[in-house]
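Report on the structure
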Amino acid sequence: MIDFLFEPWPWYVTGPFIGLLVPTMLVLGSAFGVSANLETLCSIAGAGKISDYFRVDLETRMLNLLFVLGSVIGGFVAANWLTIENYSIELSSEAIASISSLGITDTTGLQPMDIFNWNFLLSSNGLIMLCLGGFLVGFGTRYAGGCTSGHSISGLSGMQLISLIATIGFFIGGLVSTHFLIPLILTP
Amino acid sequence: MRSVLYILAGVIFGIVMVKSEAVSWFRIQEMFRFQAFHMYGIIGSAVVVGAVCMTILKRSGLKSITGESMKFPQKPPLYRSGLTGGIIFGLGWAMTGACPGPLFVNVGAGYPVMLVVIGFAILGAFVHGIIAHRLPR
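Residues numbered from 1 in each chain as written. Chains lettered and ligands numbered in written order. Predicted model: local features only at pLDDT ≥ 70, side-chain atom pairs only at ≥ 80, totals over all residues. Heavy atoms only, no water.

Some details on a nonpolar patch on the surface
On the surface, a nonpolar cluster with roughly 820 Å² of combined accessible area is contributed by A:L161, A:L164, A:I168, A:I172, A:V176, A:F180, A:L184, B:Y79 and B:L83. Secondary-structure elements contributing two or more residues to the nonpolar patch are α8 (161-186) of chain A together with α4 (79-96) of chain B. Top contributing element to the nonpolar patch by residue count: α8(A), with 7 residues. Mapping A:I168 onto the fold places it in helix α8. Given a relative accessible area of 44%, A:I168 falls into the partly exposed group. (Patch = residues over 30% accessible without salt bridge, like charges linked within 9 Å, V, L, I, M, F, W, Y side chains within 5 Å. Areas by Shrake-Rupley, 256 points an atom, 1.4 Å probe, with all protein chains shown as cover. Salt bridge = Lys/Arg side-chain N within 4 Å of Asp/Glu carboxyl O. Helix = DSSP H or I, 4+ residues; strand = E, 2+ residues; numbered from the N terminus. Buried < 20%, exposed > 50% of the residue type's maximum accessible area, 1.4 Å probe, protein only.)

Spelled out as structure tokens, the structure:
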């Protein structure tokens, strides 16, 4: 009877669940958003000594960091205890064809093991995709004042124009990267 | 007590993000190639539910659990940096297949390589903070 828990959950269940986190975080006294935690981690590491930008009141920020800690635990719980063995995502056949053309032939599992392994990370392609990619995520979200959670979900829920503009930016960048840069980097 | 609730909310977020497959590089590729409705369904329905709940909360006059009246934070209307920063983030989002939330969720889900990606994301946030006063807004 509880088999459905171990199957992938459909978008019309998970989407509203994520939407409910918006009022949940407001009731808890802050706003739903993850990327500010990247700055909090800088502040904790002592970045305040280098720039006043990182001298912040850490009290509520530590609470948000606990949310991030929880999300790591949640990821562990879902992947280890709520997932069937030999699990693969039901991608559209068009997506499988496009991804294969990038040289990623193993489309089993939650993530492509061709990308998320240490050997690829240390290759020149891996340095661009994962290290430069990570840098752009950190720099870009903070310059934009938020990420998918803070702008595209929380901000759009509050009908904020800045969040719509930022979300349009996310998609311009994502489309350029997907259709131009990534094929240039990965195609064998 | 408040700390426990934050952790709990995070746990729910992490579970839902894995079970929705929104943390997957595959799903992000599929989204940016417009090859499935899946990700648009997740984000779209999240926004609809979020917007309805926020409207109700605003009208209710409910207090937050700290006992203060509820705050509805507004992002500063810095449109130029919103668009430019957004484009920069989007480039990296497609490469890593992860926005900041999924970066952390993936570590728990068994992809320790993401710790390095997080390290570089923190470096990106650090560099932004150092030069923030010189960037156009």
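Having seen it, we continue.
Topic: the side chain of B:E21
Position of B:E21 relative to the elements: it lies in the loop between α1 (2-19) and α2 (25-32). Of the residues examined, B:E21 reaches a relative accessible area of 2% and is grouped as buried.

Some words on the packing of helix α2 (residues 36-44) of chain A against helix α6 (residues 114-131) of chain B
In a pair of packed helices, the angle between the axes and the distance between the axes together describe the arrangement. Taken N-terminus to C-terminus, the directions of α2(A) and α6(B) make an angle of 80°; their axes are 9 Å apart at the nearest point. Relative to α6(B), the element α2(A) lies roughly perpendicular. Note on element contacts: α6(B) touches α2(A) through B:A121, B:I122, B:A125, B:F126 and B:H128, opposite A:L38, A:E39, A:L41 and A:C42. Looking at the contact of α2(A) with α6(B), its residues break down into 7 nonpolar, 1 polar and 1 charged. (Axes fitted to C-alpha atoms, helices over the stretch in contact; angles between N-to-C directions. Parallel < 35°, antiparallel > 145°, perpendicular 65-115°, else oblique. Contact = heavy atoms within 4.5 Å. Nonpolar A, V, L, I, M, F, W, Y, C, P; charged D, E, K, R; others polar.)

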